[in-house]
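Coordinates in review
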Amino acid sequence: MRYSRAYKHLTFWAAMVAALLLASQVALADGPEALLRQTNEYPHARTVDFSEEAVIDYEVGLGAIQKTGGAWGFKRSERFSGSLTSYTWQIVDGFTSLEVLEELVSAIEAMDTSDLLFDCEGRSCGPSVQWANRVFRQRVLYGRENLQRYRVYSVENDGRYLVMIYGSARTADRQYLHTALLKVDQ
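Structure report, in brief.

Throughout the structure, instances matching the rule amount to 1 disulfide. Through a disulfide, Cys-120 is tied to Cys-125; the S-S separation comes to 2.1 Å. A torsion of 115 degrees about the S-S bond marks the disulfide between Cys-120 and Cys-125 as right-handed. For Cys-120, a relative accessible area of 5% translates into the label buried.

As a further point, take the nonpolar core. Core analysis: the largest hydrophobic core is formed by 25 residues, its most contacted members being Val-60, Trp-131, Tyr-150, Met-164 and Leu-182. Sorting the residues of this core by element identifies strand S1 (45–61), strand S4 (77–91), strand S5 (114–121), helix H4 (128–135), strand S6 (149–156), strand S7 (160–171) and strand S8 (174–184) as the ones contributing at least two each. With 4 residues, S8 is the largest single contributor of residues to this core. Once residues lying within four places of it in the same chain are set aside, the contact partners of Tyr-150 are Val-60, Gly-61, Phe-118, Asp-119, Cys-120, Cys-125, Trp-131, Phe-136, Met-164, Ile-165 and Tyr-166.

A separate point is the packing of aromatic side chains. Scanning the model with the defined rule gives 9 aromatic pairs in all. Judged by centre distance (6.0 Å) and plane angle (55 degrees), the ring pair of Phe-118 and Tyr-150 falls under tilted. Separated by 32 residues along the polypeptide, Phe-118 in strand S5 and Tyr-150 in strand S6 bring together distant segments of the chain. Residue Phe-118 is classed as buried on the basis of its relative accessible area, which comes to 16%. The class for Tyr-150 is buried, based on a relative accessible area of 1%. Note on Phe-136 and Tyr-150: the rings are 6.3 Å apart at their centroids and 55 degrees apart in plane angle, and the pair reads as tilted. Taken together, the residues span a long stretch of sequence, with Phe-136 in the loop between H4 and S6 and Tyr-150 in strand S6 at a distance of 14 residues. With relative accessibility at 8%, the residue Phe-136 sits in the buried group. Ring pairs connect the aromatic residues Phe-74, Phe-118, Trp-131, Phe-136, Tyr-150 and Tyr-166, which therefore count as one cluster.

Rules used throughout
Residues numbered from 1 in each chain as written. Predicted model: local features only at pLDDT ≥ 70, side-chain atom pairs only at ≥ 80, totals over all residues. Heavy atoms only, no water. Disulfide = S-S within 2.5 Å. Buried < 20%, exposed > 50% of the residue type's maximum accessible area, 1.4 Å probe, protein only. Core = buried A, V, L, I, M, F, W, Y, C linked by side-chain atoms within 4.5 Å. Helix = DSSP H or I, 4+ residues; strand = E, 2+ residues; numbered from the N terminus. Contact = heavy atoms within 4.5 Å. Phe/Tyr/Trp six-rings, centres within 6.5 Å; stacked < 30°, edge-to-face > 60°.

Such coordinate-based values are descriptive only and should not be taken to indicate function.
This is how it looks when you write it as C-alpha cells:
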C-alpha cells in the first residue's frame, strides 16, 4: 500500500513538472488562456463546469468576503467588463486541490508580467459557503474553511487579464479548484 501511495505522488509530481515545463513555454507565447486550457487537460482534474460569457461590471474580490450591514460583500473589490472564462474542476485520484492550486500559482508567478493583487488562506478569506454560492455560484466549492485558498493575479499579455483561483476541500474525495479568467476590455 505504501508503494502505491508513493508511486502515485511520484507520478503526480512528474506529471506536474512536465505540465509546468510545457505550460511555461505555452503560457509565455499564449498567456493565461493557454495555461488554463493546459490545466483543463490535467489527467487528475475532472471538469465539473465550464462557461464563457461577456460580462459588464463584473465584481472581482480583492478582499475577504464579510457581512456588513446585514449584506454579504467583499471587504474590497473592483468592477471590470470583458470576456469571462470559468472552469470548475474536481481533483481526483488522491490529489488535493491545494497541490494543483499551488502548481497553477507557480506557473502564473513565473510569467514576467504577473502581479499578485490579493490572496487569502483559510478563515481569513471569510465563509466558504459565501464564496461557493454568492461569488462563484458553484455550490460544490463549499468546503472546510481552513482548507480554502483564493488568489487574484493581473497578467499583461496582449491586453490585461485578471486570473482568479479558488481552491477548496470538503473531504479527501471532494477536492475542487475553480478558476475565472477575465480578459479586461480596454
